[in-house]
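Structural overview
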Amino acid sequence: MKIGIIVHSKTGNTSLVAERLKNRLEKEEHEVFMEKLSIIGGEDQSQQDVNKINIEPLEIALEEMDLLIFGGPVRGFQASPPIKALLGKVEGLEEKDAMIFVTHAFPFNWMGGNSAIKQMKNICIDKGANILFTGIIDWKNSKREVQIDSLVGSITRKTSGVTL
Ligand SMILES: Cc1cc2nc3c(=O)[nH]c(=O)nc-3n(C[C@H](O)[C@H](O)[C@H](O)COP(=O)(O)O)c2cc1C
């Protein structure tokens, strides 16, 4: 399976999860393409207006992927503006299988994780994608490693057609 993993990550947490996922999926013989969003002019974390965030065109040919996985950090109890900017502009999600994950730092998923997932999911669904999985990593949780292992394991099982 050809899998595209596209993430926004400022301080590296979301990228680290994406790398772990990529390594695991490659062990399962998938062809994995990972890309981190690059923002033209650098990232201004105070910019909330998605229309003012210019993402470099993606190198991954989304239409060639069998599965797309989008990841990003939670920002201000929402999905990060750059990942929202990307999802708002991206084309080719019609009937595409997709998965979503976020990383966050506050102790409860209701402090941004859930709403970020909902926002990302809704944009993807509006564009016709089939959402097969969503996941949240609580970065400051003592069980973070377990959460990452669980997310990677769940996604890997789903790509093998086993939904345990
Ligand atoms: C400006 C800003 C706002 C944030 N807002 C939230 C928030 O509302 N809820 C939360 O749980 N974490 C919040 N965080 C923490 C990040 O979501 C968390 O550190 C995330 O793992 C960073 O991912 P990254 O290293 O991939 O950029 C915020 C971080 C920043 C810099």
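Refer to the preceding data block for the structure.
This is a predicted model, so every value here is computed, not measured.

A closer look at the overall build of the protein
A tally of regular secondary structure across the protein gives four helices and six strands. When its helices and strands are written in sequence order, the protein yields β-α-β-β-β-α-β-α-β-α. If one aligns the C-alpha atoms of the protein with their principal axes, the spans along those axes are about 40 × 40 × 25 Å. Expressed as a percentage of contacts within the protein between residues at least 6 apart in sequence, the contacts between residues at least 24 apart total 75%. By element, 48% of the accessible surface of the protein is carried by carbon and sulfur atoms, the whole surface being about 8,500 Å². The averaged location of the 22 negative side-chain charges in the protein is 8 Å from the averaged location of its 20 positive side-chain charges.

Some words on the packing of aromatic side chains
Tallying each qualifying case throughout the model produces two aromatic pairs. Between Phe77 and Phe106, the ring centres sit 5.8 Å apart and the planes meet at 55 degrees, which makes this aromatic pair tilted. Taken together, the positions of Phe77 in the loop between strand E3 (67-75) and strand E4 (78-79) and Phe106 in the loop between strand E5 (97-104) and helix H3 (113-126) put the pair 29 residues apart, joining distant regions of the chain. Judged by relative accessible area, Phe77 falls into the partly exposed class, the value being 45%. By relative accessible area, which is 43% here, Phe106 ends up partly exposed. For the pair Phe108 and Trp110, a centre-to-centre distance of 5.5 Å together with 5 degrees between the ring planes defines the contact as stacked. A residue is classified by how much of its surface remains accessible, and Phe108, at 44% relative accessible area, is partly exposed. For Trp110, a relative accessible area of 62% translates into the label exposed.

Notes on the packing of helix H2 (residues 81-89) against H3
When two helices pack together, you describe them by how their axes are tilted relative to each other and by the distance separating the axes. In the contact formed by H2 and H3, the axes pass within 9 Å of each other and the chain directions differ by 10 degrees. With respect to H3, the axis of H2 lies roughly parallel. Residues Ile83, Lys84, Leu87 and Gly88 of H2 form the contact with H3, whose own contacting residues are Gln119, Met120, Ile123 and Cys124. Per-class residue counts for the contact of H2 with H3 are five nonpolar, two polar and one charged.

Regarding the pairing of E5
Summarising burial for E5: seven of the eight residues are buried, a large majority. Across seven bridges, E3 lies against E5 in parallel orientation. Each residue of the ladder has a partner; that of Pro73, found in E5, is Thr103. One ladder, built from eight bridges, connects E5 with strand E6 (residues 130-138); its direction is parallel. Considered in E6, the bridge of Thr103 is made with Ile137. On the question of chirality, the crossover connecting E5 to the parallel E6 by way of H3 is right-handed.

Let's talk about the site of the ligand
The immediate surroundings of the ligand are formed by 17 residues, with Ser9, Thr11, Thr14, Val74 and Phe77 found nearest. Contact between the ligand and Thr11: an oxygen atom at 2.3 Å from a side-chain N or O atom of the residue. Within the contact set of the ligand, an oxygen atom lies 2.7 Å away from a side-chain nitrogen or oxygen of Thr103. In the complex, 79% of the free accessible area of the ligand, which totals 650 Å², lies under the protein chains. With respect to the detected pockets, the ligand is housed in the largest pocket. Looking at the shell around the ligand, the elements that each hand over two or more residues are helix H1 (13-27), E3 and E5. Here the shell around the ligand is composed, by residue class, of six nonpolar, nine polar and two charged.

About the criteria used
Think of each chain on its own: its residues are numbered from 1, step by step along the sequence as written. Only residues with pLDDT of 70 or above have their local features reported here, since the model is predicted, and side-chain atom pairs are shown and tallied only from 80 upward, although totals for entire chains, interfaces and linings are computed over all residues. In computing side-chain properties, one takes all heavy atoms of the structure into account and sets aside hydrogens as well as water. In this text, helices come from DSSP runs of H or I with a minimum length of four residues, and strands from runs of E with a minimum of two, each type numbered from the N-terminal end. What makes two residues a contact is simply this: any of their non-hydrogen atoms within 4.5 Å. Surface accessibility in these figures is a Shrake-Rupley result with a 1.4 Å probe; residues are shielded only by whichever protein chains are displayed. Here Asp and Glu are counted as negative and Lys and Arg as positive; His is not counted, and neither are the chain ends. In plain terms, the charge of a residue is placed at NZ if it is Lys, CZ if Arg, CG if Asp and CD if Glu. Here a Phe, Tyr or Trp ring, Trp counted by its six-membered ring, pairs with any other such ring whose centre lies within 6.5 Å, and the pair is stacked when the planes are under 30 degrees apart, edge-to-face when over 60, and tilted otherwise. Classification of residues uses two cut-offs on accessible area relative to the type maximum, computed with a 1.4 Å probe and protein chains only: under 20% is buried, over 50% is exposed, and between them is partly exposed. The axes used here are C-alpha line fits, helices contributing only the stretch in contact, and every angle between their N-to-C directions lies in the interval 0 to 180 degrees. With respect to orientation, any angle under 35 degrees is reported as roughly parallel, any angle over 145 as roughly antiparallel, any angle of 65 to 115 as roughly perpendicular, and every other angle as oblique. Ten residues, namely Ala, Val, Leu, Ile, Met, Phe, Trp, Tyr, Cys and Pro, are considered nonpolar, four, namely Asp, Glu, Lys and Arg, are considered charged, and the remaining ones, Gly among them, are considered polar. By definition, two strands form a pair when at least two bridges between them are found by DSSP. Think of it like this: strands point away, you trace from the first strand over the helix to the second, and a clockwise trace means the crossover is right-handed. In this text, near means that some heavy atom of the residue lies within 4 Å of the molecule or strand in question. Between N or O atoms, a polar contact is any pair within 3.5 Å; within protein, one atom must be a potential hydrogen donor and the other a potential acceptor, and residues adjacent in sequence are included only when both atoms are from side chains. Lining residues are defined by having an atom within 4 Å of a point belonging to a cavity or pocket. Those points lie on a 1 Å grid over the protein atoms alone, cavities being sets where a 1.4 Å probe fits but cannot get out and pockets being open sets with protein on both sides within 12 Å along at least five of seven lines. Cavity and pocket membership follows a simple rule, namely that a molecule belongs there if more than half of its atoms are within 2 Å of the grid points.

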